[in-house]
Amino acid sequence: MTGGDPGRGEAGPGPAGDGVVGVLLAGGLARRMGGGDKCLRPVAGRTLLARARDRLAPQVRALVLNANGDPSRFAAFALPVVADAQAGNPGPLAGVLAGMDWARRCAPACPFIVTAPTDSPFLPRDLVSRLVAARHDAGADMACAASAGRDHPVIGLWPVSLADDLRTAMDVDGLRKVGAWTGRFRLARAEFATVPVDPFFNANAPDDLARAEALLLAAATDGEGRSVAH
């Protein structure tokens, strides 16, 4: 383990995501989607970004978008836009770090961030509370989501206090894989059901957009008595 011991003696994020900043990750190159802003692709009449935003926003104190390039193309979503902390599209860890830096600068009362990709239109409505609980119950440093026995490393709860550790890991150690960094710490897992749909389904390719639309139209509820289309 590096960079201190955030799992002990650090204040938790509080109830209902009170001390959590949400970070929607859209900094990738979307090669399998043919490039461009994957998060602006429509699914059943609404963009992936709008769906992810509406799922995560009620769960956190503040919500920001991690994206590179001209931020004005996201003006309609009324979100602060933060670019990767490192140049050259080094991967999702750069977005995690950018979110940590934003939280430390603009939301100092929030000791944690929760990250989620913008290509996941079915994010759980209790994602943040369950990540918070998983970390607390395990006495862990951070937590990630899991479903069907598989971890989703970029969907996680991260202590802002580890920003400098992550920066060093990327800039000095050359770390790029999320698992390589989280492996240095105590990681808890919050397991989610996959009925009627895996809440972490992500649209990587054009065929996935069609599948997501079919799921939205076919599934009556998301397992919590609410329509998955909203």
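Everything here concerns the structure above.
Since this is a predicted model, take the numbers as computed values, not measurements. (Residues numbered from 1 in each chain as written. Predicted model: local features only at pLDDT ≥ 70, side-chain atom pairs only at ≥ 80, totals over all residues. Heavy atoms only, no water.)

What's the story with the packing of aromatic side chains in this structure? I'm lost.
Here a ring pair, both rings aromatic, is described through the centre-centre distance and the interplanar angle of the planes. Applying the stated criterion across every chain yields a total of 4 aromatic pairs. For the ring pair W158 and W181, a centre distance of 5.9 Å and an interplane angle of 25 degrees mean the geometry is stacked. Taken together, the residues span a long stretch of sequence, with W158 in strand β8 (residues 150-159) and W181 in helix α5 (residues 178-182) at a distance of 23 residues. For W181, a relative accessible area of 0% puts it in the buried group. Judged by centre distance (5.2 Å) and plane angle (85 degrees), the ring pair of F192 and F200 falls under edge-to-face. Through a chain of ring-to-ring contacts, three or more aromatic side chains come together here, namely W158, W181 and F185. Across from the ring centre of F192, 4.0 Å away, lies the NZ or CZ of R130, which sits over that ring. (Phe/Tyr/Trp six-rings, centres within 6.5 Å; stacked < 30°, edge-to-face > 60°. Helix = DSSP H or I, 4+ residues; strand = E, 2+ residues; numbered from the N terminus. Buried < 20%, exposed > 50% of the residue type's maximum accessible area, 1.4 Å probe, protein only. Lys NZ or Arg CZ within 6 Å of the ring centre and 35° of its normal.)

Please clarify how unusual backbone geometry should be interpreted in this entry.
Across residues other than glycine, the phi torsion is negative in most instances, and most of the peptide bonds are trans. Note the cis peptide between V195 and P196, where omega equals 5 degrees. Mapped onto the secondary structure, P196 falls in the loop between β9 (187-192) and α6 (206-218). Even without glycine at this site, A78 takes up a positive phi of about 55 degrees. Structurally, A78 is set in the loop between β4 (62-66) and β5 (81-82). You can call A78 exposed: its relative accessible area is 70%.

What exactly am I supposed to notice about the nonpolar core here?
Buried together is how nonpolar side chains tend to be arranged in soluble globular proteins. One finds L24, L56, L65, V114, L127 and L157 to be the most contacted residues of the largest nonpolar core, which totals 33 residues. Taken together, the elements giving at least two residues each to this core come down to β1 (20-25), α1 (48-56), β4, β6 (112-117), α3 (127-138), β7 (142-147), β8 and β9. If you tally residues by element for this core, the top one is α3, at 5 residues. Discounting residues that sit within four places of it in the chain, L127 has contacts with L56, Q59, V114, A145, I155, F192 and F200. Among the nonpolar cores identified, the runner-up in size contains 29 residues, and V82, A98, A103 and W158 belong to it. (Core = buried A, V, L, I, M, F, W, Y, C linked by side-chain atoms within 4.5 Å. Contact = heavy atoms within 4.5 Å.)

Any chance you could explain the sheet that holds β5 here in plain terms?
In any sheet, the strands associate via hydrogen bonds between backbone groups, in a parallel or an antiparallel arrangement. Spatially, β5-β4-β1-β6-β8-β7-β9 is the arrangement adopted by the 7 strands of the open sheet, whose pairing is mixed. Sheet topology places β5 and β9 at the edges, where each strand pairs with a single neighbour. The sheet contact formed by β7 and β8 spans 5 bridges and is antiparallel. When the sheet's bridge partners are listed, A146 is paired in β8 with D151. Helix α2 (residues 92-106) contacts β1, β4, β5, β6 and β8 of the sheet and is inclined by roughly 145 degrees relative to β1. (Pairing = 2+ DSSP bridges. Axes fitted to C-alpha atoms, helices over the stretch in contact; angles between N-to-C directions.)

How should the packing of α2 against helix α4 (residues 163-171) be read in this particular structure?
In contact at an axis separation of 10 Å, α2 and α4 are set at 150 degrees when each is read in the N-to-C sense. The angle between α2 and α4 falls in the class roughly antiparallel. Here the hand of the crossing between α2 and α4 comes out left-handed. Contacts from L93, A94, V96, L97, M100, D101 and R104 in α2 reach A163, D164, L166, R167 and M170 in α4. Counted by class, the contact of α2 with α4 contains 8 nonpolar, no polar and 4 charged residues. (Parallel < 35°, antiparallel > 145°, perpendicular 65-115°, else oblique. Left-handed = near helix turned anticlockwise from the far one by under 90°. Nonpolar A, V, L, I, M, F, W, Y, C, P; charged D, E, K, R; others polar.)

Explanation requested: α4 in the structure shown.
In an α-helix, one full turn covers 3.6 residues, which means residues spaced three or four apart are oriented alike. Residues A163, D165, L166, A169 and M170 constitute the buried set of α4. Taken down its axis, α4 places every buried residue within 160 degrees of arc, on the same side. Against the buried residues of α4 lie α2, β8 and α5. (Arc of directions from axis to C-beta.)

When you look at α3 in this model, what are you seeing that I'm missing?
The end-to-end C-alpha distance of α3 is 17 Å, a good match for the 16 Å that 12 residues give at a rise of 1.5 Å each. Taken together, the buried positions of α3 are L127, V128, L131, V132, A134 and R135. Take α3 and look down its axis: the buried residues cluster within an arc of 160 degrees, on one side only. Facing away from the buried side of α3 by over 90 degrees, the exposed positions are H136 and D137. The inward-facing, buried residues of α3 abut β1, α1, β6, β7, β8 and β9. (Expected span 1.5 Å × (residues − 1).)

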